[in-house]
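Structural description and commentary
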Amino acid sequence: LQLAGKGAHLALSDVDAVGLAETKALVDASGVRCTTHYLDVADREAFFEYARQVAAEHGEVHAVFNNAGVTLLDSVENQSYEDFNWLMNINFWGVVHGTTAFLPYLKQVDEAHIINISSVFGVMAVPMQSAYNASKFAVRGFTEALKMEMAGSHIRVSSIHPGGIKTGIARNSRVNEKTVGVSQHEFHADFDKLARTTADQAAAIIIRGVLKNKRRIMVGTDAKIMSLVTR
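Residues numbered from 1 in each chain as written. Predicted model: local features only at pLDDT ≥ 70, side-chain atom pairs only at ≥ 80, totals over all residues. Heavy atoms only, no water.

Section: the packing of helix α3 (residues 44–58) against helix α5 (residues 93–106)
Two elements in contact, α3 and α5, have axes whose closest approach is 9 Å; the angle formed by their N-to-C orientations is 35°. Where α3 crosses over α5, the two elements pack in a sense that is right-handed. Mapping the contact onto sequence places R44, F47, F48, Y50, A51, R52, V54 and A55 in α3 and G94, H97, G98, T100, A101, F102 and Y105 in α5. Partitioning the contact of α3 with α5 into residue classes produces 9 nonpolar, 4 polar and 2 charged. (Axes fitted to C-alpha atoms, helices over the stretch in contact; angles between N-to-C directions. Helix = DSSP H or I, 4+ residues; strand = E, 2+ residues; numbered from the N terminus. Left-handed = near helix turned anticlockwise from the far one by under 90°. Contact = heavy atoms within 4.5 Å. Nonpolar A, V, L, I, M, F, W, Y, C, P; charged D, E, K, R; others polar.)

Quick look at the structure:
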């Protein structure tokens, strides 16, 4: 919505068709062009086809925000490979797919930016979220290496590290209640209490950081504190 308010034309994708339609209706009120696509970011072939369609429909692409993410609460000892792969395919491979699928189109314009969403848990680790930590550390490493590779070109790259943001990520999580000792509902409720930054606030911080071409953008006071403590 904030990008639309700045006049950016948008191509939006999600696996949540209802939420996607709701977002499009809000964006359309801004008067910008907005296309929508159902997309599972874990599906590499679908992502490359999506990039092709976006380029065909919009003519050019200047910025890519890789923002899909889920979480998993379980111990290293007990978590299943099925759950681990589910998370990594979305959180890490989704970012890789989005970056590599759109990179050829970004190279065709005179100004471009890749924005990959990691997490404060891509800077520090916490127990019972080893898979999430692994995915977000991987996103950070992938993105920072990409920025070095793009140095001297017109393509800019930013790694985003949000703290607790009031989104639906906890609601869409997988929780091993026996291992963690809380239910998914309890985790969601606790997350909502601890998350101090709204999605609107997070978006404003991210856009401001992107416009300043920051390499690493910490989102929220909690993220800044955790990053400082870790260092």
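Overview of the pattern of salt bridges
Tallied over the full model, the rule gives 6 salt bridges. The residue E144 makes a salt bridge to R215 at a minimum N-O spacing of 3.2 Å. One end of the pair, E144, is in helix α6 (residues 130–150); the other, R215, is in the loop between α9 (199–211) and β10 (216–219), and 71 residues separate them in sequence. One network of salt bridges, in which partners are shared, links R140, E144, R215 and R216. (Salt bridge = Lys/Arg side-chain N within 4 Å of Asp/Glu carboxyl O.)

Observations regarding the sheet that holds strand β5 (residues 112–117)
If you walk across this open sheet you meet the 4 strands as β3-β5-β6-β10, and the pairing is parallel. A single partner strand is all that each edge strand has here, and the edge strands are β3 (63–66) and β10. Averaged over all pairs of adjacent strands, the angle between their axes in this sheet comes to 20°, without regard to strand direction. The pairing of β3 with β5 spans 4 bridges and is classified as parallel. Residue pairing across strands places F65 opposite I115, the latter belonging to β5. Helix α10 (residues 221–230) rests against β6 (155–162) and β10 of the sheet, and its axis sits at about 120° to β10. (Pairing = 2+ DSSP bridges.)

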